Amino acid sequence: MIVVCQHCETRYSVADEKVKGNRFLARCTRCGNIFSAYRPVSVQQIEFLDFAGAKAAKRANIIAVSNQKGGVAKTSTTLNLGAALAATGHKVLLVDFDIQANLSLSLGVREGRSFYDVVQDREPSLDASVRPTRVPRLALLPSNKGMILLNKKYFHAENFEYMLIDRLQSITDQYDHILIDTPPSVDLFTLNALTAAGHVIIPCQCDFLSTHGVDQILRLIKMIRGKTNPWIQAQVLITMFDDASDASNMISQKIQGMYPTQTFVGRIPYDNKVKEAQIMGKPVMHYDPDSKAGQAYTQLAQEVRKRMPLAAVI
Ligand SMILES: Nc1ncnc2c1ncn2[C@@H]1O[C@H](COP(=O)(O)OP(=O)(O)O)[C@@H](O)[C@H]1O
Ligand SMILES: [Mg+2]
């Protein structure tokens with residue numbers, strides 16, 4: 001079968017037996033673009049493979065922030081890393097993929113069109129639902145109550161894991177980074193985020209059960225690699241680190257020992273300024289630029305830029 005990259009229009013001949021199912025993800029070895037491809041069943045269906053006009057000047061780094069454990073700073077990391085990347089001059093989109101809408105609330109957004117509305121109104125792109133925030137270069141796709149219906153209606157429907165990446169395709173040229181906040185569960189939202197992402201950041205608090213949580217999500221990522229996203233890379237981020245606590249130091253060392261190349265060098269310290277900033281609806285480095293957590297997220301943005309470089313502009 002012939003598969004055409006939507007980005008650089010390179011054509012590939014793919015052996016039929018290499019592809020399971022009628023729909024699959026493909027990566028262009030020429031330009032690195034990841035795209036949904038379809039097995040044409042008849043000549044008529046080949047005609048629907050019309051990628052003209054889909055050329056993009058650049059593509060965003062898509063990063064999921066995920067851990068099945070709650071309260072480990074997934075939402076705080078999505079918000080503050082996003083703001084820190086925006087401060088470096090990059091354009092960033094935050095996707096609130098948690099029905100609790102904590103990310104939207106942390107940015108002072110109480111209502112807005114969510115991914116639910118995009119799907120419900122059969123919009124091919126997220127564009128109309130994305131809104132600017134008070135932070136320059138930082139945009140948000142909010143969450144709302146309707147999101148719960150998506151999980152009920154589509155979880156386990158055929159190809160439900162591709163719902164997000166399909167709708168991101170047309171806007172990836174508008175951003176440098178797309179950060180997706182996920183819920184503490186393996187549901188439609190987590191599986192869509194992990195299918196769309198090139199990287200996953202796993203925030204990990206230094207408590208007794210944290211290594212178990214990391215192990216759990218790494219097992220899920222392994223499953224995702226075999227099923228919908230062979231290219232996803234994982235990186236552990238130690239959060240709420242307390243330098244003065246022996247337990248915090250012991251667990252941090254243990255995590256670094258277990259995942260030496262997969263742990264960020266930068267750690268996010270425990271800092272009440274994160275909570276205060278959240279109450280004020282601001283990223284922590286805007287609330288208090290001198291705060292320990294604000295500075296740590298600013299440094300993390302540099303590490304992310306180094307470890308997860310932007311795709312080459314063509
Ligand atoms: N570095 C930090 N220092 C202190 N408190 C933090 C820090 N990061 C997050 N928190 C607080 O911990 C709680 C859980 O964080 P949150 O980001 O909502 O976690 P999750 O999204 O994983 O459930 C929130 O009240 C948040 O304000
Ligand atoms: Mg959260």
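Residues numbered from 1 in each chain as written. Chains lettered and ligands numbered in written order. Predicted model: local features only at pLDDT ≥ 70, side-chain atom pairs only at ≥ 80, totals over all residues. Heavy atoms only, no water.

J.: What exactly am I supposed to notice about the site of ligand 1 here?
T.: Taken together, 15 residues sit near ligand 1, with Gly71, Thr75, Ser76, Asp271 and Gln278 positioned nearest. Between ligand 1 and Ala73, the relevant distance is 3.0 Å, taken from an oxygen atom to a main-chain nitrogen or oxygen of the residue. Measuring from an oxygen atom of ligand 1, one finds a side-chain N or O atom of Thr75 at 2.9 Å. About the coverage of ligand 1: the protein hides 84% of its 560 Å² of free accessible area. When residues of the shell around ligand 1 are traced back to their parent elements, those giving at least two are α2 (74-87) and α10 (272-279). Each residue belonging to the shell around ligand 1 can be placed in one class, and the counts come to seven nonpolar, five polar and three charged. (Near = heavy atom within 4 Å. Polar contact = N/O pair within 3.5 Å; in protein donor to acceptor, adjacent residues only side chain to side chain. Areas by Shrake-Rupley, 256 points an atom, 1.4 Å probe, with all protein chains shown as cover. Helix = DSSP H or I, 4+ residues; strand = E, 2+ residues; numbered from the N terminus. Nonpolar A, V, L, I, M, F, W, Y, C, P; charged D, E, K, R; others polar.)

J.: Honestly, the pattern of salt bridges in this entry has me stumped. Any pointers?
T.: If charged atoms from side chains of opposite charge come close, those side chains can pair. Summed over all chains, the structure comprises eight salt bridges. Put simply, Glu123 and Arg113 hold a salt bridge, and the shortest N to O gap is 2.7 Å. Pair noted here: Glu123 is in the loop between α4 (115-120) and β7 (131-132) and Arg113 is in the loop between α3 (102-106) and α4, with a separation of ten residues, a long-range link. Of the residues examined, Arg113 reaches a relative accessible area of 30% and is grouped as partly exposed. (Salt bridge = Lys/Arg side-chain N within 4 Å of Asp/Glu carboxyl O. Buried < 20%, exposed > 50% of the residue type's maximum accessible area, 1.4 Å probe, protein only.)

J.: Is there a simple way to explain the packing of aromatic side chains in this structure?
T.: For any pair of aromatic rings, geometry is given as the distance between the ring centres together with the angle between the planes. As enumerated under the stated definition, the model contains three aromatic pairs in all. Aromatic pair Phe97 and Phe189: ring centres 5.2 Å apart, planes at 75°, arrangement edge-to-face. Of this pair, Phe97 sits in the loop between β6 (92-96) and α3 while Phe189 sits in helix α7 (residues 188-196), and the two are 92 residues apart along the sequence. Here Phe97 matches Phe189 in class, with each residue buried. A network of ring pairs unites the aromatic residues Phe97, Phe115 and Phe189 as a single cluster. (Phe/Tyr/Trp six-rings, centres within 6.5 Å; stacked < 30°, edge-to-face > 60°.)

J.: Explain the domain arrangement of the chain to me, please; I cannot follow it from the model alone.
T.: For an interface, size is often stated in terms of accessible area lost upon the parts coming together. Under the domain assignment, the chain is made up of domain 1 (2-46) and domain 2 (61-307). On a C-alpha basis, the centroid separation for the pair domain 1 and domain 2 is 29 Å. Contact residues are listed per partner, giving ten residues for domain 1 and nine residues for domain 2. Here domain 1 meets domain 2 over a buried area of about 840 Å², counting both sides, of which 54% is carbon and sulfur. Of all residues in domain 1, Arg23, Leu25 and Ile34 give up the largest surface area on contact with domain 2, accounting jointly for 64% of the area buried on that side. Here domain 1 and domain 2 share zero salt bridges between them. Linking domain 1 to domain 2 there are one residue pair in polar contact (both at pLDDT 80 or more). Sorting the residues of the side of domain 1 that touches domain 2 by element identifies β3 (23-27) and β4 (34-38) as the ones contributing at least two each. (Domains from an automatic or database assignment. Contact = heavy atoms within 4.5 Å. Buried area = accessible area lost by both parts, 1.4 Å probe.)

J.: Would you mind going over unusual backbone geometry with me for this structure?
T.: Glycine aside, residues mostly have negative phi, and peptide bonds are mostly found in the trans state. A positive phi angle is found at Ala101, which is not glycine, with a value near 55°. Among the structural elements, Ala101 can be located in the loop between β6 and α3. The class for Ala101 is buried, based on a relative accessible area of 11%. In this structure, Arg122 is a non-glycine residue whose phi angle is positive, near 55°.

J.: Can you help me understand the nonpolar core in this one?
T.: Soluble globular proteins: nonpolar side chains tend toward being buried together. Phe97, Phe115, Leu126 and Ile178 are the most contacted members of the largest nonpolar core, which has 51 residues in total. Tallying contributions element by element places α7 first for this core, with six residues. Leaving out residues up to four positions away in the same chain, Phe115 has contacts with Phe97, Leu126, Leu141, Pro142, Met147, Leu150, Met163, Leu164 and Arg167. One finds Val92, Leu107, Ile268 and Tyr297 within the second-largest nonpolar core, a separate group that totals 31 residues. (Core = buried A, V, L, I, M, F, W, Y, C linked by side-chain atoms within 4.5 Å.)

J.: Honestly, the sheet that holds strand β9 (residues 177-181) in this entry has me stumped. Any pointers?
T.: Across a sheet, paired strands are connected by hydrogen bonds in the backbone, their directions being either parallel or antiparallel. Taken together, the seven strands give an open sheet; going across it, the order is β7-β8-β6-β9-β5-β10-β11, and neighbouring strands pair in mixed fashion. In this open sheet, the two edge strands, each paired with only one partner strand, are β7 and β11 (233-239). Pairing of strand β5 (residues 61-65) with β9, which is carried by five bridges, proceeds in the parallel orientation. Note that in β9 the partner of Ile62 across the bridge is Ile178. Across the sheet, α2 is in contact with β5, β6, β8 (138-141), β9, β10 (199-205) and β11; its angle to β9 comes to roughly 165°. (Pairing = 2+ DSSP bridges. Axes fitted to C-alpha atoms, helices over the stretch in contact; angles between N-to-C directions.)

J.: Could you clarify how one ought to interpret the side chain of Ser114 in this entry?
T.: Position of Ser114 among the secondary structure elements: in the loop between α3 and α4. A distance of 2.8 Å separates a polar atom in the side chain of Ser114 from a polar atom in the side chain of Asn144. Not counting the four nearest positions on each side in its chain, Ser114 is found in contact with Ser129, Leu141, Pro142, Ser143, Asn144 and Met147.

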